[in-house]
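Listed here are the chains, written in short residue letters.
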Amino acid sequence: MASGQDSGTTLMDLITSDPSAAAPNSSPAAAPSTLGKPVNADRKHKKVTLSQIQSDTISAAKALNPAKVLPQKQRRKNPVSYAQLARSIHEFAATADQKSSQKKLVHHVFPKLAVYNSVDPSLAPSLLMLHQQCEDRNVLRYVYYYLARILADSGAQGLSAAGGIPTPNWDALADIDAVGGVTTADVVPRIVGQLSSEALNTEVEFHARRLAALKSLSSASSRSSDILDKLYEIVFGILEKVGDAKQKRKKGIFNRPGGDKESNIQNNLQYAAISALRRLPLDPGNPLFLHRAIQGTSFTDPVAVRHSLAIISDIAMRDPYSVAMALGKLAQPGGALQDILHLHDVLARVSLARLCYMISRARSLDERPDIKSQFNSILYQLLLDPSDRVCFEAILCVLGKFDSTERTEERAAGWIRLTREILKLPEAPSVMSKDKSEDGLPPKPIKEKAAKIRRPQPLIKLVMRRLESSFRSFSRPVLHASARVVQEMGKSRAAAYALGAYDTDEGTQLNTYSEYVDFVDSDQLEGLQPEASRKASSLLNGTGGKDTIASLLASLMEVVRTTVACECVYVRGMVVKALIWMQNPHESFEELRSIIASELSDPAWPSALLNDILLTLHARYKATPDMAVTLLEIARIFATKVPGKIDADVLQLLWKTCLVGAGPEGKHTALEAVTIVLDLPPPQPGSMSELTSVDGVSASDPKSALALQRLVQAAVWFLGENANYAASEYAWESATPPGTALMMLDADKMVTAASSRNPTLAGALTRLQRCAFSGSWEVRIVAVHSLITLAIRSGEPYRLQIYEFLHALAQGGVQSQFSEMKISNGEDQGASGTGLGSLISPMLRVLDEMYRAQDELMKDIRNHDNQKQEWTDEELKKLYETHEKLLDLVSLFCFVPRTKYLPIGPTSAKLIEIYRNRHNISASSGLNDPAVATGISDLVYESKPPPLEKTNSIDPDLAMAWAANLGDGMWESNAPAMDRVNEFLAGAGTDAPDVEEENITSQPSATYDDMWAKTLLETYEAEEDDAKSSGTSSPESTGSIESSISSHFSGLGYPSLFSSRPSGYGVSQQPENKPAAGSRFSNNSYGGSSLEGTSSPIREEPPPYSSPLQRYESFENPLASQSFGSTNDDGNASDNPRFGKALYDFTAGGDDELSLDAGEQVEIEDEVDGWYYVKKRRPGRDGKMAGLVPVLYVNSS
Amino acid sequence: MLLAVLFANSDGNILIERFHGVPAEERLHWRSFLIKLGAENLKGAKNEELFVASHKSVYIVYTMLGDICIYVVGKDEYDELALAEAIFAITSCVKDVCGKPPSERLFLDKYGKICLSLDEIVWQGMLENTEKDRVKRLIRMKPPTDV
């Protein structure tokens, strides 16, 4: 506290006084104790009185007028700028021998300089001068501090020639840099040189400086390899002299105050050197490095031991074998590692746990079970550590959790370890407990201390008890960490289940488990500790009735659940994650569901945390695909409760993956879980009644209402895209010939037939139909699109059903049928009832064409049959061209597998096949293959390529899943949601959190400027006017990132099992064709080549449809625009003007709008966001010829 | 890795910040995030009551000491509990330097020494010295063990 005498310095002095002004008279207590040995009592007394006076003065001043106190006082003082501070340092450096200079440096200049985040190199010469000439410890301490900061300002972020680091005070520094002209590169060698020679100085009086120099030097480790080499040399040099602690240890250990001088110096040097070594890059191959680090475990200084263990465990991660060999006897009873168990340093014991884990699991040490079990035993002993940090680390290690890269097997083994192994720990520090399951060796107590012998305990029981007591803690970090440990337990358990290594039920586990324990007990312990053994088994079987793993877990989970009551949302978040991980696929998840539902009703949840939980659902799914349906049900709660806070991309990806994972029997439920949200009543404004009910939608504010609507859109789209998959109903696999359906035109019969044949699809259809009516405009558009997708992909009678529905929709006729479902949203829906006419008509035309072609085909086939004629090539060609044309058309609306899809119906398959074979047309490229188009293929008929007909043998689900880029390949895609999921699964993610815009009360560092650079460090005269802006900051949020929702519907579209970016179109799809998936499927015609092949015709040739469809050309490239037709304004529209008729009178509301009279003919030029830009033949009521009119008011023909 | 140590006053002005291993462009986000956390939770908090938060695989422990909010951010071995150790070392040193839980003014009075203490406690992204007596010695240029 030598320099702590500055208690007389007030804030004003600190902030504003100019050190070049008169010496501060207010610090009489700052006795010039250059050696830092003031008389304690005296100092304390003065300090108390002074600080009291000081605070009294301040509070009095504040009471007068807080706003004006500062400026008034400041006016008397000179401002302190960075430049002035720098100048002061230069001045005082020249007079460093004077006490007054030293005092000012210590009390004024250096503390203020610390305000700046970096120090510019032009100060270095003065600092070095002080370093050489000044002997005042306080000054020197600051000098080392600033030298270290200059060294640490590496090129990456430091004061390069181009400027300084972007700290809030950069402006101040920028000036200096311009003036100074000294670069870091100039000064670093000098600093390093001077500090190095000091670090090598062995004179005793330089001891403290030597340590400080070493510390500062280590900041330079990232500068250059030369400096690094020098550092290694210095550190190893010191360690060579002092590293061998063996003989010194005996005297000096635990004996610090009275230790002799020599050993104290040695201890200090050991600490300084190993601490510096820890900051240097790891040198795993270097035996000397390892040797020095291992020596460090025997050092006296606990921090030194901590660092050396950290180094060793880092090396052990790469090379456990050498570390184990080098550690040798240290791990044995009585060795240094055993002593560390009782070392008073938490992080040292944490490193010890990691070290033990790595060595005891190392494959390379398989031949040395003795070594492994030594380390294993230390690890298990750490489970009893009094520090939660250490104990939890040991639990995580036992569980096989080390970083995020462990393999599933390792985690599974971890769970088995935890549930099956026994800790036998006589309390003597050096008694080794052996684990039977590992090597079968009996325990060999070396130094049996008869005093207290703990009875053997199953690990699981120890861990459970420990966790339960931790969950009763009041400390939030402890609760958070405990929940995290439970989460990791869940992960290991899931891994064990997934591998089937743990196939026995935890309830029946009881028997094997108890037997196992009994076996161990009787076998190993009876002779040795009969009493303990008896106690142990009575504990297991007797006292608490049945302690099964299941019951232990159940009681733990009970405690975990109650932790949800913690007021800290992050603790609750971790608890929810833990619960998700501990949930097993076949258990009831009602409890979890209600917990999550009630949790999500709490508005305190930050969206980042919710998304984290959503990602946890992904991870849980990855670990146990059986959980798909459960997880979807949980995800649904997120969708309905907090639509505005979650990342819809991630949610949709979850839908998609879970749908695939749900398997054949779960698909229906999975689809229901996603789309049941469509059945829920829309949120009633202001109603908060259903907050905790799962089946209510809550959207309390406009933002979440919008998000909810987007989510509904997404769900509708998802339903359309994936209903066929979920229902396993594909047109190209439908057994029903089209003719059958045509005969079922009676709507009622059709519906009955449809729902009896495939309830999943029928249900989806009903939902979509309802959405086509009742949703908002956006939802209706998506619904219609989904319907046409469904129609195209499904066989009969669904297609016909949709056809009829769309037809009626276009005419406005069905409205009455559905009127009871209709929930008015206040929009005028137009004469057609939906305003979707323009959207529907091209869809109807496709279906029309398909049915017409089917009809004709039926007719032709009948004719040919009747006349017993063969099909001529010409006829086949015509048929084939129709087939191709329809395929192209259909592909405009949704993805279909071109090789399999038969727009003219199943009966056409044979004929088309004949034609293809005859003309050597590959199914994938069709007529657009240049070879086919130019007839070349006919010429090279002989060289028929090998048939690509393996498709038929492929399970359709698999094929479709693959088509949708699912499976492994999916995880490599570049969609942002997948990135997020992958990143999460990989445990990455240290990047900064986004801060939501609202409620930011923080004053981001702009105000730091205000406070320090302006308010405090600069003149107050200039500041007075700005005073109001200084305290409370400008509200612009620096960290606000708009939630990504707004982007979801613009480009990336929705997840679909047919891929949201239809692979069939090849639009930017090919680059991400997964190598893995590609090779797996390279032989089938679903392969990349076929999809690629189909892409070219679509892009290069305009679709055969003419004008009305032109505006749908954007569907060619769904990636570019998923605009559902409402925002299409592609250039083609103007090439082929459309005409329309005004349906109603419209009165222009704005300058650019155009009034219309019902019945007027208009030419539609353009469409933007629900508005047409139209031209009329003659001026109307408002005298204008052209302008904007709402789309709904015009019936485009 | 101890990614960040940050001191702020109750208005959310940052008094001291030390980042390690955090890209410059992310620091702004961290600042706002931490300050927002503090603004939402630290009001009325007891001295040295520990609060916890997490973001992805990063942990945050923060507390209130006098008028000063203290935040520490870490990952990997610096989990919630290790950060609690770190923040304990920091608060006890600050209390030691200031003589009591500091007002903002007192904190600024002792600004230089607090920076030096912090330099002994958290050094290059690692927790270094945790005992306040030892830190006290080191900031006076005395070796950890008296010679």
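Residues numbered from 1 in each chain as written. Chains lettered and ligands numbered in written order. Predicted model: local features only at pLDDT ≥ 70, side-chain atom pairs only at ≥ 80, totals over all residues. Heavy atoms only, no water.

(A) The overall build of chain A, seen in detail. Check the secondary structure of chain A and you find 54 helices and seven strands. Expressed as a percentage of the 1197 residues in chain A, the buried residues total 57%. Summarising the internal contacts of chain A: among those between residues at least 6 apart in sequence, 74% fall at separations of at least 24. (Helix = DSSP H or I, 4+ residues; strand = E, 2+ residues; numbered from the N terminus. Buried < 20%, exposed > 50% of the residue type's maximum accessible area, 1.4 Å probe, protein only. Contact = heavy atoms within 4.5 Å.)

(B) Structural view of the side chain of Asp612(A). If you trace the backbone, Asp612(A) turns up in helix H30 (residues 607-623). Apart from residues no more than four positions distant in its own chain, Asp612(A) is found in contact with Lys577(A), Phe984(A) and Lys56(B).

(C) The sheet that holds strand S5 (residues 68-75) of chain B, seen in detail. Residue and element names in this part refer to chain B. Spatial strand order, S2-S1-S5-S4-S3: five strands in an open sheet with antiparallel pairing. Looking at strand neighbours, the two that pair on one side only are strand S2 (14-19) and strand S3 (51-55), the edges of this open sheet. Adjacent strand axes in the sheet meet at a mean angle of 15°, parallel and antiparallel pairs treated alike. Contacts between helix H1 (residues 24-41) and the sheet are confined to strand S1 (2-9), S2, S3, strand S4 (58-65) and S5, with S4 contributing the most and set at about 50° to the helix. Against the sheet, helix H2 (residues 80-98) touches S1, S3, S4 and S5, its axis set at about 25° to S4. (Pairing = 2+ DSSP bridges. Axes fitted to C-alpha atoms, helices over the stretch in contact; angles between N-to-C directions.)

(D) Region of the structure containing the pattern of salt bridges. One pass over the full model with this rule turns up 44 salt bridges over all chains. For Arg466(A), the salt bridge is made with Asp388(A), and the minimal N-O distance between the two is 3.1 Å. Taken together, the residues span a long stretch of sequence, with Arg466(A) in helix H23 (residues 459-471) and Asp388(A) in helix H20 (residues 388-398) at a distance of 78 residues. A relative accessible area of 16% places Arg466(A) in the buried class. One continuous salt-bridge network, built from bridges that share partners, spans Arg354(A), Arg389(A), Glu393(A), Arg484(A), Asp79(B) and Glu80(B). (Salt bridge = Lys/Arg side-chain N within 4 Å of Asp/Glu carboxyl O.)

(E) Seen up close, the packing of helix H27 (residues 549-562) of chain A against helix H28 (residues 569-582) of chain A. Residue and element names in this part refer to chain A. Two elements in contact, H27 and H28, have axes whose closest approach is 10 Å; the angle formed by their N-to-C orientations is 155°. Here H27 lies roughly antiparallel to H28, going by the angle between them. For the pair H27 and H28, the sense of crossing is left-handed. Contact with H27, carried on its side by Leu553, Met557, Val560 and Arg561, involves Val575, Leu579 and Met582 of H28 and no other residues of that element. Of the residues assigned to the contact of H27 with H28, the class counts are six nonpolar, no polar and one charged. (Parallel < 35°, antiparallel > 145°, perpendicular 65-115°, else oblique. Left-handed = near helix turned anticlockwise from the far one by under 90°. Nonpolar A, V, L, I, M, F, W, Y, C, P; charged D, E, K, R; others polar.)

(F) Highlighting the UniProt feature "coiled-coil region" (unreviewed entry) in chain A. As annotated by UniProt and renumbered to match this structure, "coiled-coil region" (unreviewed entry) occupies residues 847-874 of chain A. End-to-end, the C-alpha atoms of residues 847-874 of chain A are 25 Å apart, and along that stretch the chain is 82% helix and 0% strand. (UniProt positions renumbered as here; feature names shortened; annotations may be inferred.)

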